[in-house]
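Below are the chains, spelled out letter by letter.
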Amino acid sequence: MADPKPSESNPQIDELFDELAQLCCQCLQGDQSQMADRSEALLKSLIQNGYARKDGSIQAEIEARAKDSCRESAMHRGGELSGLTKNLQDRFDRLAKWNSDNPQSDNQAKAANISSATDA
């Protein structure tokens, strides 16, 4: 595989993009068995690694890497590859929005005042 273009990302993010590109290549070759479950975990990992705060399209990044990884399949099935990567972009956007609307918190809700915290 050719080296991907230099990016502002870290090695973990690069690895996640490579795995998403490989999933797309597998789908282009007829194996869609892992796409739904595996891609969901990879997209969540991208968000946890801070990629949602970066400008840029994951669709373009994954598509470019898939074209490098499985050149023959991607050349003959470019429309399908675009559809796969568009779906990943849409899912990523939904997950990122959900994550920003519902931040993880270990803090338990606290009573507003003493009378609401007791039976008094």
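Structure: above.
Each chain has its residues counted from 1, running along the sequence as written. The predicted origin of the model limits local features to residues at a pLDDT of at least 70 and limits the giving and counting of side-chain atom pairs to 80 or more, whereas totals for whole chains, interfaces and linings rest on all residues. With hydrogens and water stripped out, all remaining heavy atoms of the structure feed into the side-chain values.

Student: Sorry, what's going on with the nonpolar core here?
Tutor: Within soluble globular proteins, side chains that are nonpolar tend to cluster in buried spots. The biggest cluster of nonpolar side chains holds 27 residues, and the ones touching the most others in it are Cys24, Leu43, Leu46 and Ile58. Helix numbers and strand numbers start at the N terminus; a helix is a DSSP run of H or I with at least 4 residues, a strand a run of E with at least 2. Elements with a minimum of two residues in this core: helix H1 (11-28), helix H2 (35-48), helix H3 (58-69) and helix H5 (78-101). The leading source of residues in this core is H1, at ten residues. We call two residues contacting when some pair of their heavy atoms lies within 4.5 Å. When residues no more than four places from it in sequence are discounted, the contact partners of leucine 43 are Leu20, Ile58, Leu88, Arg91, Phe92 and Leu95. We define the nonpolar core as a collection of buried residues of types Ala, Val, Leu, Ile, Met, Phe, Trp, Tyr and Cys that are connected through side-chain atoms lying within 4.5 Å of one another. Throughout this description, buried means an accessible area under 20% of the type-specific maximum (1.4 Å probe, protein chains only), exposed means over 50%, and partly exposed covers the range between.

Student: I tried to follow the state of the cysteines on my own but got confused; where do I start?
Tutor: Among covalent bonds in proteins, the disulfide is the one between the sulfur atoms of two cysteines. A pair of sulfur atoms, both from cysteines and within 2.5 Å, is called a disulfide here. Scanning all chains against the criterion turns up one disulfide. Put simply, cysteine 25 and cysteine 70 are joined by a disulfide, and their sulfur atoms are 2.1 Å apart. Between cysteine 25 and cysteine 70, the disulfide has an S-S torsion of -80° and is therefore left-handed. Here cysteine 70 lies in the loop between H3 and helix H4 (71-76) and cysteine 25 lies in helix H1, a separation of 45 residues in the sequence. The same class applies to cysteine 25 and to cysteine 70, which are both buried.

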